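Chain residues, written in single-letter form:
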2 protein chains.
Amino acid sequence: MPHYTPPLRDMQFVLHELLNVTEALRAMPAHAHVDVDTFNAVLEEGGKFASEVIAPLNQRGDAEGCTLNRDTHEVSTPGGFKAAYEKFVEGGWPSLGCDAAYGGQGLPVTLNQCLYEMLNSASQAWTMYPGLTHGAYECLHAHGTPEQRQTYLPKLTSGEWTGTMCLTEAHCGTDLGLLRTRAEPQADGSFLITGNKIFISAGEHDLAANIIHLVLARLPDAPEGSKGISLFVVPKFLVNADGSLGARNTISCGALEHKMGIHGNATCQMNLDGACGWLVGQPHKGLSAMFVMMNAARLGVGVQSLGLTEVAYQNAAAYAKDRLQSRALSGAKAPDKPADPIIVHPDVRKMLLTARAYAEGGRALAIFTALLIDQETSSTDEELKQHAADLVALLTPIVKAFLTDNAWISTSQCLQVFGGHGYVREWGMEQFVRDARINMIYEGTNTIQSLDLLGRKVLLDKGKKLTKLIELVQQLIHDECVHAEMLEFINPLADLGEKLTKLSTELGLKAFGNPDEVGAAAVDYLRLVGHLVFAYFWARMARVALDHPESEDPFYRAKLATARFYFAFLLPETTALMRSARAGVKPLMAMDASLF
Amino acid sequence: MPHYTPPLRDMQFVLHELLNVTEALRAMPAHAHVDVDTFNAVLEEGGKFASEVIAPLNQRGDAEGCTLNRDTHEVSTPGGFKAAYEKFVEGGWPSLGCDAAYGGQGLPVTLNQCLYEMLNSASQAWTMYPGLTHGAYECLHAHGTPEQRQTYLPKLTSGEWTGTMCLTEAHCGTDLGLLRTRAEPQADGSFLITGNKIFISAGEHDLAANIIHLVLARLPDAPEGSKGISLFVVPKFLVNADGSLGARNTISCGALEHKMGIHGNATCQMNLDGACGWLVGQPHKGLSAMFVMMNAARLGVGVQSLGLTEVAYQNAAAYAKDRLQSRALSGAKAPDKPADPIIVHPDVRKMLLTARAYAEGGRALAIFTALLIDQETSSTDEELKQHAADLVALLTPIVKAFLTDNAWISTSQCLQVFGGHGYVREWGMEQFVRDARINMIYEGTNTIQSLDLLGRKVLLDKGKKLTKLIELVQQLIHDECVHAEMLEFINPLADLGEKLTKLSTELGLKAFGNPDEVGAAAVDYLRLVGHLVFAYFWARMARVALDHPESEDPFYRAKLATARFYFAFLLPETTALMRSARAGVKPLMAMDASLF
């Protein structure tokens, strides 16, 4: 069975040494009281919960999967999931980042997100249940009426109820404008909703007393397309005026999907047969209301992949130190043993360091983004709020797509370290790969993320948000270019920044001539920006490590070595990406569709 | 359920238009009679068998897997596998490439390998049963005594019996020198073999009356390490003098592995408890005898991945033409429909063309290599035999590792074309990805392949074999550089050839200083050589397509478009590989193992 050790030291490094988050939080009245000790204590407890309660369930969840009772339409989660969820609720974990007005602890997003990294390392499938709940919480918090908030938020905060997002239908995923689910207004202000949804994660299960579905549907007078979609809250059980559960609503699970991975999470086909719902936000503005949830979910998906990258790395590193096989090409390193541990082989190290550099770089980016969200939501400085909001908008597709692509690469390489043992279920490595695969798809495929980045966040915005990122990079270059020991990091960073700025302008001009040029370059462009961000953080992390030259803590030596690996072996991908991002749409569109 | 159409037109293009294989075969007495019509007729029938009999079993095989009866130690294959295997034997397919002396049809490897591409597209798991049999056939054909050949080869040729290779033990996969299975000589010249093997594909099943295991074990007087390993033939049922089956031998399946994919193939733990075996080849020379089988198996693994790339591409292309979702950024392309088919989106085409370019490039390389094997084994021209043998030795690790890495990339991108539907089992795409994953591991991991290429085939050989490849490239450059329409292909090919030659020399010098430099660069180096070979074949395929400018057959337009895509979008990876291949071993070894 795979093991998992919460990476507390590395989290603390990012939180306290790299980003100094508690100082940034002190400037916000809502978080002024959150000090380093609070962070560390909560993370230590959260890490224990993740590694001791959740991690042991992950393989069992994969093997057992979820089960639908076709008579009652009820879904059973794998053995142990329910008991663990009860402990999670008892421990108050769901309320960590929630509003005190609804019983939450009001702690920063930054902290909650570190907790979620650990939960996802322990079990992505299990963690999706509370993760989606938090998304529903945020959506209702932002767009619900006062009555809706009072009805639903306390129970979502406590975790007694869970939540879902019901968007996709069989004929529409990416293109929600095509959706057909209908909402008929009733005299009492409610709506009767009818339609079929698919791919609804955590759509039905036995963990909680009620499930609060956020459902996209069309009103009778809705304009066609994406401007005619409204958002409704549809509880599994209706809620009485006193808050107790009433009648079973006519929303139910018709079937479970059989998937490549995340077997422990119930992926449901949901049938709404005149289900009672209530409008959330304005009529026909459902997509923008849902996007509150989507943006949080996209960051959440990036953090799922961060968690998988970390746990896959830990297990592959342990195996590589333990497994004896062949001798180093440069001569035996463990002559007293029948063979050397495979970590002596440079390519094994390359696979391990790839995962490590992506995990640690991803952690820095994810925590940085979470801190920006805290600034966006809780700062009292309007200029800082806007600055943070712009960077969050720019970084969201990068966190989602870059971290999930990197996890696919990393978990696969960590599997490879195990040789044939990586391919069998017993060691758990192939589950990480299978689980990681969905993250490149849901909450907007990675192609959609890249179109969002290049088309919307960069070009439509005329580069304003991108400039804010470039300014951060330039500031670092300005600060560090006088330090000789930093040039190995600063020079390639500066080089990439300049090339990327130039490429952005070029692509803007090309897109002006043919909008399809955006689609041709977007995926490569996103990876380029991802590497710029990673190179920026790896340079900053190297700086912190270099500031501890005499430290007895080998942590800093490892950090510096990993930074150097990143610049030597991973950043070079940008030379290829730069070329393919420039290759243009013509070679893609030359062939008639009929010839494919 | 996925569909599969045998790519007969493209195979014929490679066989007859690109490589003109029948002309090359005509020079060999053994194959002088094999004409174009024979090729086409056999492939058409083979394609029917693959698509009509085997393909429909693939998803069922994945869902059902194999079952071990713990009392009898017998293994049941998934429903339909046995009946299909009976048809395969009845149709005479196992004997296609086998020696007429043992009842074979004596057809070229080139033809057999096209058959196997199609079988693997239909079902890799099923095809492994006959595939491994053919490996055992080749090993016994090359190293068996006349008596052993007479005993086993006719039944392996007909397919009445199947074969396996029993190498791996729990503590040794890559490093076979550590293996512990023991062989005790008996007075009658046989041996009693005792030990435990793992990961034995097709180790036990219900398809055939007998299973002929080729087992690596140590003799009592064996030197330590890889120079003390001998090869034995160990039949499941002993064979009486008259060829009938005798007593059940004491080799049996102790357990089945639960794997990420290829569920339909039984991956067995095999226990040998004083099993009767007979030495094959010389004592202590088992590894080199086994390598006959291994080299064939490595090419076979490449062809497994070629098959998966092709079938994944076909299904993703069909889906992309059918699935309506969103409008092209450049304006509606199907205004009469609710949305455009997703093939209008440049990135969807990029994913499809990636798989297509890797499938068609892989097919050219695989058939070229098969023809070289025919020349190596059947030519009467000693110089040509040696030339072919050198190129086969050089290309084998490339076929194995480059094609399997490409299939991992391609099947994953084809899954992505389906969005969420790619992640659910129903569409079959995720099975292709799971099945493809093992190919990067077994028959020598792709790291081992790269060490074989750079360390053994290039550096130890002082570049002699590599020079033969470079000469082919230079000949093409020489022939085509005067044709303006070919420069878009010839220039980047020449550029890569020069860079690669220089890099090979550099790495040789570095390895002289530190042998670990080979391990640091090998994987990137192999992909670079892979791209050189693909660029060479894509340039040649473009040449053939350009020779049909007025053709009404749109096949040539598609071929040219795919060639241009390859050079614009896939070949640029070499710029990054060139950098990381030069990054050297230092950034990999800087960190103490204890800090991982």
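Reading guide: rules and limits
- Residues numbered from 1 in each chain as written.
- Chains lettered and ligands numbered in written order.
- Predicted model: local features only at pLDDT ≥ 70, side-chain atom pairs only at ≥ 80, totals over all residues.
- Heavy atoms only, no water.
- Helix = DSSP H or I, 4+ residues; strand = E, 2+ residues; numbered from the N terminus.
- Expected span 1.5 Å × (residues − 1).
- Buried < 20%, exposed > 50% of the residue type's maximum accessible area, 1.4 Å probe, protein only.
- pLDDT = per-residue confidence, 0-100.
- Least-squares fit on C-alpha atoms with pLDDT ≥ 70 in both.
- Contact = heavy atoms within 4.5 Å.
- Buried area = accessible area lost by both parts, 1.4 Å probe.
- Salt bridge = Lys/Arg side-chain N within 4 Å of Asp/Glu carboxyl O.
- Polar contact = N/O pair within 3.5 Å; in protein donor to acceptor, adjacent residues only side chain to side chain.
- Phe/Tyr/Trp six-rings, centres within 6.5 Å; stacked < 30°, edge-to-face > 60°.
- Lys NZ or Arg CZ within 6 Å of the ring centre and 35° of its normal.
- Axes fitted to C-alpha atoms, helices over the stretch in contact; angles between N-to-C directions.
- Parallel < 35°, antiparallel > 145°, perpendicular 65-115°, else oblique.
- Nonpolar A, V, L, I, M, F, W, Y, C, P; charged D, E, K, R; others polar.

**Student:** Any chance you could explain helix H6 (residues 109–122) of chain B here in plain terms?
**Tutor:** For an α-helix, 3.6 residues make a turn, and residues three or four places apart therefore share a direction. Given a rise of 1.5 Å per residue, 14 residues ought to cover 20 Å, and the 20 Å separating the end C-alpha atoms of H6(B) matches this to within 8%. Most of H6(B) sits out of view: 13 of its 14 residues are buried.

**Student:** Whenever I open this one, the confidence of the model for chain A confuses me. Can you help?
**Tutor:** Detailed reading of the predicted coordinates is not advisable wherever pLDDT is low. Confidence in the prediction of chain A, expressed as mean pLDDT, is 97, and 100% of residues score 70 or more. Reported confidence for the predicted complex is 0.97 by ipTM and 0.98 by pTM.

**Student:** Got a minute to help me understand the relation of the copies chain A and chain B in this structure?
**Tutor:** These two copies of the chain differ by a rotation about an axis and a displacement along the same axis. For the pair chain A and chain B, the relating rotation is 180 degrees, the translation along its axis is 0.0 Å, and the fit reaches an RMSD of 0.0 Å. Taken together, the rotation and translation relating the two chain copies correspond to the operation of a two-fold axis. Among all residues of chain A, the one whose C-alpha sits closest to the rotation axis is Ala576(A), at a distance of 2.7 Å. When you check the interface residues of chain A against chain B, 100% turn up at the interface there too, and the contact is symmetric in its surfaces.

**Student:** Where do I start with the interface of chain A and chain B in this structure?
**Tutor:** A common way to state how big an interface is: give the accessible area lost once the parts meet. Counting from both sides, the interface comprises 97 residues of chain A and, opposite them, 97 residues of chain B. For the pair chain A and chain B, the summed buried area comes to about 7900 Å², and 63% of that belongs to carbon and sulfur atoms. At the junction of chain A with chain B, the criterion picks out four salt bridges. Residue Asp592(A) pairs with Arg557(B) through a salt bridge whose shortest N-O separation is 3.9 Å. Across the chain A-chain B interface, the total number found is 47 residue pairs in polar contact (both at pLDDT 80 or more).

**Student:** I would appreciate a short explanation of the packing of aromatic side chains in the present structure.
**Tutor:** Evaluated as defined, the whole model comprises 48 aromatic pairs over all chains. Here Tyr85(B) and Trp126(B) contribute two aromatic rings whose centre-to-centre distance is 6.3 Å and whose plane-to-plane angle is 55 degrees, an arrangement assigned as tilted. Placement of the pair is Tyr85(B) in helix H5 (residues 81–90) and Trp126(B) in helix H7 (residues 124–143), with a sequence separation of 41 residues. The residues Tyr85(B) and Trp126(B) share a single accessibility class, namely buried. Among the aromatic residues, those joined into a ring-pair cluster are Tyr358(A), Phe402(A), Phe489(A), Phe534(A), Tyr566(A) and Phe567(A). The ring centre of Phe237(A) lies 5.6 Å from the NZ or CZ of Arg248(A), which sits over that ring. For the cation-ring pair, Arg9(B) lies above Phe555(B), with the distance from its terminal atom to the ring centre recorded as 4.1 Å.

**Student:** In this structure, what is going on with the packing of helix H1 (residues 8–18) of chain A against helix H18 (residues 555–570) of chain A? I would like to understand it.
**Tutor:** Each pair of packed helices can be described by the angle between their axes along with the distance between the axes. Residue and element names in this part refer to chain A. Closest axis-to-axis distance for the H1/H18 pair is 12 Å, and the angle between their directions is 80 degrees. It follows that H1 is roughly perpendicular to H18 by the angle criterion. The residues of H18 that touch H1, namely those facing Arg9, Asp10, Phe13 and Glu17, are Phe555, Tyr556 and Lys559. Taken together, the residues of the contact of H1 with H18 sort by class into three nonpolar, no polar and four charged.

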